[in-house]
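A closer look at the structure
These are the residues of each chain, in order.
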Amino acid sequence: MFRRHNITARIFERQIRTPSPGTSVHCARRFYENIVPGSTIYDVECPDHSFRKFTEDGKYLISFSRDHQDLIVYRPTWLSFSCKQEDCDSQDLPVKAKKFESFFTRLYSVPLASASELICKDFFLYAETNQFGLFATSTAQIYDAPATGGAIQGVPSIEKITFHLLRLEDGVVLDERVFRNDYINLAHSMGVFLFDDLLAIVSLRYQRIHILQIRDSGSLVDLRAIGEFCREDDELFLNSSAQTISSVDKRAPEHMPMNNAVNGLHLEQPAQENPFLTGIKQRLLSFIVRGIQSEEKDEAMRIQSLKKKFYFHFQDYVDLIIWKVQFLDRHHLLIKFGSVDGAVSRNTDSHPAFFAVYNMESTEIIAFYQMSSDELYSLFEQFCDHFHVPSKSSLHMNFISSHSNNIHALEQLRSSKNKATSFSLFIKKVLVSLPFNCQSQSPSPYFDQSLFRFDEKLISAVDRHRQSTDHPIKFILRRPPHTLKFKIKPGPEAGVTDCRTKRISSFLFHPTLPLALSIQQTLFLQPAVVNIHFRR
Amino acid sequence: MGSWIVGNWPSFDPHNFSQLRPNDPSAPSKKTPITYHPTHERTLPPPDQVISSEAKNILLRQFYQRGDEKLRPKRAAPENLAPEQECKHPRASVASSSQPPK
C-alpha cells in the first residue's frame, strides 16, 4: 500500500483514519521514519564515566565511574536554545550548546562498592513499574577454590557478591542481598533473570536457583531455592528420614528405574558421601527415563533402549550442572544444563548442552531437549517472542523485532537456514542464545526491522561491543522510496589516523527520543570518544 | 435538498431520497420488526459451561502437549485398543494444524 511520506500529510491522515486493530503502536512508530537522529556532535566533552545504558522507559542514563566504585545517574533532557536569525536550519549549533550537559542532567552519584569491591559494569537490571534498579558489586575471583560445603569442583569462587536494589528516582539503596564464596555469572547479566517482580539468580558454585521477589516497598524476599531441594519442605523430610536410612545396610544398586513420585525417592550410589542426588537432578533423570521407557512397547526392547540411551550415559547425565536459567512465565523456568568445563569457559560451542522446562509449583520437568533438537528449533522459530517473556508492566518492550513478529527478520533467518550446510549445526548456532539474557535488547524504534534496514554486524538492538569501522553506519528505509535516512558514525569526525589499534564501539539508543550515544574505545584505557546523535 | 428523515441534509441530486417516506415520529409504526428464533437445540451450550482464558501461554502449552505425547505409552497389539480408547482425550485443534511437516 502506498503511504505518503510527508510528515504533515501523515499527521492529517492520523486525524481521520484509525489504525487497523492491534496496530496502534506500529502506526505510531512509523513517525520515526520522519524524525531521525541525523545530526551528530562529535567527540563531546563529557565526564569520564563508562556509560551503561538508558533505562527502558527512557527516564535515566546509567553510568559508572572509571574506578568502578560509584554509580552516576543522569536524566536525559534536550537542548534549549533559540535562534533569532531568519534561516535557522542551516545555522550550526552554537558552541556552548554542543555539550554533554545540554542533553543530560546529572541527578546524583551513589558509592556502591566499598574498598575491595568493584561494581560489575556489565550488570544492570531495571524494574520498570517501581523504577528500581538492580546493580551488583563483587570482590576478586579466586580460580582454584576448593570444593567445600556442597560446591562443585572446577567452578571459581568469589568471596562476596552483593546485589543492590536502588530506587532510581533519588538513589536510595533499598535492599541488598549478599552471596558469600559463591559464583554467579554477572557479565551481561547472564546469571540473573528479571521477570516483572521475580528474580532468578543462578549460583553456579552451589548449583542452586534462588528465586526472589522484589516487593513494592523495595525489599528483596526469598521465595525458594531450587537445586538440592525442590519443594520448601524437602529438607525437613530428608533430615527426618536420614536417621532411618543410615541404620539400613547399603543394598546393591537397583537396576530398575524409579518413577517420578512426590518427595524423597533416591537412587543409591555406593561409595559416595551423600547417597542422594540433588532434587532437581532426580527430577531430570526420572523424566529422561520415563521418556525412553514409553518409546518402546516391547519389554525386552525397552530394557535394551534404556541400557543404550540412559545407562550408558548415566554418569554424563549425573554430572550435568545448571548453566543458565530464564523464566517462561511466573511458574516455569527454562534451564540450560551442561558440563562443568563449559560453565566457565568462554566458548560454549564445543560443549554439549541440554534444555529443560521446569515447573516450579509442581516441581516437575515438563520437557527435555538436546542442543540440536529439531523440535525445540521449530518451537523457537514459531514462538520466539514467548522466549523473550513479554512483561505486562512495560508496553514498548514487547515490540522489539524478532523473527516471530517481523517478516524481514523471519526472511533473514530462513535465508541463513537455507544457506547453512548442516542443519544441526545451524540449530546449535541459533539455540546457543537460549536462555536469553534479560533486558539485553534496546527497544528503540530505530532498530525496528520493518522501519529501517541496517547492517546487523555493525549495529543492532543487542547491546554488546562491536568492532568499530571508519565508515558511518547507514539506516535505510525499508519501505519505498528506500532512501538513506540517517547515518551513525562513531569516533572522531575526521576518522582515525592510526589504523593499527583495534577499536570497539558501543551504541546507546534512547527508547523514545531521537537521541543516541556512540562510544568508541581503544583497548588501551585511553579516554573514550563519545558522539551524540540527535535530531536538530 | 430533500427533506429526509430529520433535518435538511444536503445531497447531490435533489431527486434522491424523494421516494423515501420517513417515519412520522408523532405516530409510531405499528409493525414490530421480525425476530428469528432457532428451530433446533443443537448449538446450545451445556448449562454448566464456563468460558475462561488459558493461563499457560502457547509456548508452554506446546511443551506440555509434546511431553504428554511422549510419555503416553505407545499403542501395543490391537487387543489393547479398547481400554486405551477411554483414556483418549480431545486434542486442541491448534496442535494438529500448527506443526509443519519436517
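Residues numbered from 1 in each chain as written. Chains lettered and ligands numbered in written order. Predicted model: local features only at pLDDT ≥ 70, side-chain atom pairs only at ≥ 80, totals over all residues. Heavy atoms only, no water.

**Overview of the overall build of chain A**
Secondary structure assignment for chain A yields 12 helices and 26 strands. For chain A, whose C-alpha radius of gyration is 26 Å, the value lies close to the compact-globule estimate of 24 Å for 536 residues. Seen through its C-alpha atoms, chain A measures out along the principal axes to roughly 95 × 55 × 50 Å. By sequence separation, contacts in chain A at least 24 residues apart represent 57% of the contacts at least 6 residues apart. Surface exposure of chain A reaches about 26,900 Å², of which carbon and sulfur atoms provide 52%. Of the side-chain charges in chain A, 62 are positive and 60 negative, and the distance between the mean point of each set is 7 Å. (Helix = DSSP H or I, 4+ residues; strand = E, 2+ residues; numbered from the N terminus. Rg over C-alpha atoms; globule rule 2.2 N^0.38 Å. Contact = heavy atoms within 4.5 Å. Areas by Shrake-Rupley, 256 points an atom, 1.4 Å probe, with all protein chains shown as cover. Lys, Arg positive; Asp, Glu negative; His and termini not counted. Charge placed at Lys NZ, Arg CZ, Asp CG, Glu CD.)

**Observations concerning the overall build of chain B**
The secondary structure content of chain B amounts to 3 helices and 0 strands. For chain B, the sequential pattern of α-helices and β-strands runs α-α-α.

**Things to note about the pattern of salt bridges**
Residues and elements named next belong to chain A. Under the definition given, this model contains 20 salt bridges over all chains. A salt bridge links Arg 414 to Glu 381, with the nearest nitrogen and oxygen atoms 3.9 Å apart. With Arg 414 in helix H11 (residues 407-419) and Glu 381 in helix H9 (residues 374-382), this residue pair connects regions lying 33 residues apart in the sequence. Under the relative-accessibility criterion, Arg 414 is labelled partly exposed at 40%. On the accessibility criterion, Glu 381 (14% relative accessible area) is buried. Counted as one network, the salt bridges with shared partners bring together Arg 4, Glu 13 and Arg 17. (Salt bridge = Lys/Arg side-chain N within 4 Å of Asp/Glu carboxyl O. Buried < 20%, exposed > 50% of the residue type's maximum accessible area, 1.4 Å probe, protein only.)

**Here's the deal with the nonpolar core**
If you look at the biggest cluster of nonpolar residues, it comprises 91 residues, and the most contacted ones within it are A:Phe163, A:Leu333, A:Phe387 and B:Phe63. In terms of residue count, the dominant contributor to this core is helix H5 (residues 279-293) of chain A (7 residues). When near neighbours in sequence (up to four residues on either side) are disregarded, A:Phe387 contacts A:Gln326, A:Leu328, A:Leu334, A:Leu376, A:Leu379, A:Phe380, A:Leu434, A:Phe436, B:Leu59 and B:Phe63. Residues A:Ile41, A:Tyr74, A:Ala528 and A:Ile532 belong to the second largest nonpolar core, which totals 21 residues. (Core = buried A, V, L, I, M, F, W, Y, C linked by side-chain atoms within 4.5 Å.)

**Some remarks on the sheet that holds strand E20 (residues 452-453) of chain A**
All names here are of chain A. Judged by pairing direction, the sheet is antiparallel, and its 3 strands sit side by side in the order E20-E22-E23 without closing on themselves. For this open sheet the edge positions go to E20 and strand E23 (484-488), each flanked by a neighbour on one side alone. Here E20 runs beside strand E22 (residues 473-477); their pairing, made up of 2 bridges, is antiparallel. Residue pairing in the sheet places Phe 452 in a bridge with Leu 477 of E22. (Pairing = 2+ DSSP bridges.)

**Some remarks on empty space enclosed by the protein**
Residues and elements named next belong to chain A. All chains considered together, the criterion is met by 2 cavities of 30 Å³ or more. Roughly 160 Å³ of internal volume is contained in the largest cavity. Along the walls of the largest cavity sit 17 residues, with Lys 53, Phe 54, Ser 442, Pro 443 and Phe 509 positioned nearest its centre. Mapped by element, the contributors of at least two residues to the lining of the largest cavity are strand E2 (49-54) and strand E24 (503-509). Broken down by element, the lining of the largest cavity gets its largest block of residues, 3 residues, from E24. Partitioning the lining of the largest cavity into residue classes produces 8 nonpolar, 6 polar and 3 charged. (1 Å grid on protein atoms, 1.4 Å probe; cavity = no way out; pocket = protein on both sides within 12 Å on 5 of 7 lines; lining within 4 Å. Points joined across faces, edges and corners; volume = space filled by probe spheres on them. Nonpolar A, V, L, I, M, F, W, Y, C, P; charged D, E, K, R; others polar.)

**A short note on the sheet that holds strand E19 (residues 364-370) of chain A**
All names here are of chain A. Here 4 strands make up an open sheet; going across it, the order is E16-E17-E18-E19 and the pairing antiparallel. The open sheet terminates on both sides in strands that have one partner only, identified here as strand E16 (321-327) and E19. Within this sheet the neighbouring strands show an average axis-to-axis angle of 25 degrees, counted without direction. Direction of pairing for strand E17 (residues 332-338) relative to strand E18 (residues 353-359): antiparallel, over a ladder of 7 bridges. Looking at E18, one finds that Leu 333 is bridged to Tyr 358. Helix-sheet contacts for H5 involve E16, E17, E18 and E19, and the interaxial angle to E19 is about 65 degrees. (Axes fitted to C-alpha atoms, helices over the stretch in contact; angles between N-to-C directions.)

**Some points on the interface of chain B and chain A**
Contact with chain B, which involves 20 residues of that partner, is made by 22 residues of chain A. When chain B packs against chain A, close to 2,000 Å² is buried across both sides, 67% of that on carbon and sulfur atoms. Interface area lost by chain B to chain A is led by B:Leu59, B:Phe63 and B:Leu71, which between them contribute 32%. Inspection of the region where chain B meets chain A yields 2 salt bridges. In this structure, A:Glu375 and B:Lys70 form a salt bridge, with 3.8 Å as the shortest nitrogen-oxygen distance. Counting across the interface, chain B meets chain A through 3 residue pairs in polar contact (both at pLDDT 80 or more). (Buried area = accessible area lost by both parts, 1.4 Å probe. Polar contact = N/O pair within 3.5 Å; in protein donor to acceptor, adjacent residues only side chain to side chain.)

**Overview of unusual backbone geometry**
Residues and elements named next belong to chain A. The omega torsion of the bond from Leu 434 to Pro 435 falls at -20 degrees, within 30 degrees of zero and hence cis. Cis peptide bonds are those with omega within 30 degrees of zero, and the linkage from Pro 480 to Pro 481 qualifies with 15 degrees. Note on placement: Pro 481 falls in the loop between E22 and E23. A positive phi angle is found at Gln 131, which is not glycine, with a value near 55 degrees. Inspection of the secondary structure assignment puts Gln 131 in the loop between strand E7 (125-127) and strand E8 (132-138). Not every positive phi belongs to a glycine, and Gln 439 is a case in point at roughly 55 degrees. Considering the arrangement of structural elements, one finds Gln 439 in the loop between helix H12 (423-431) and E20.

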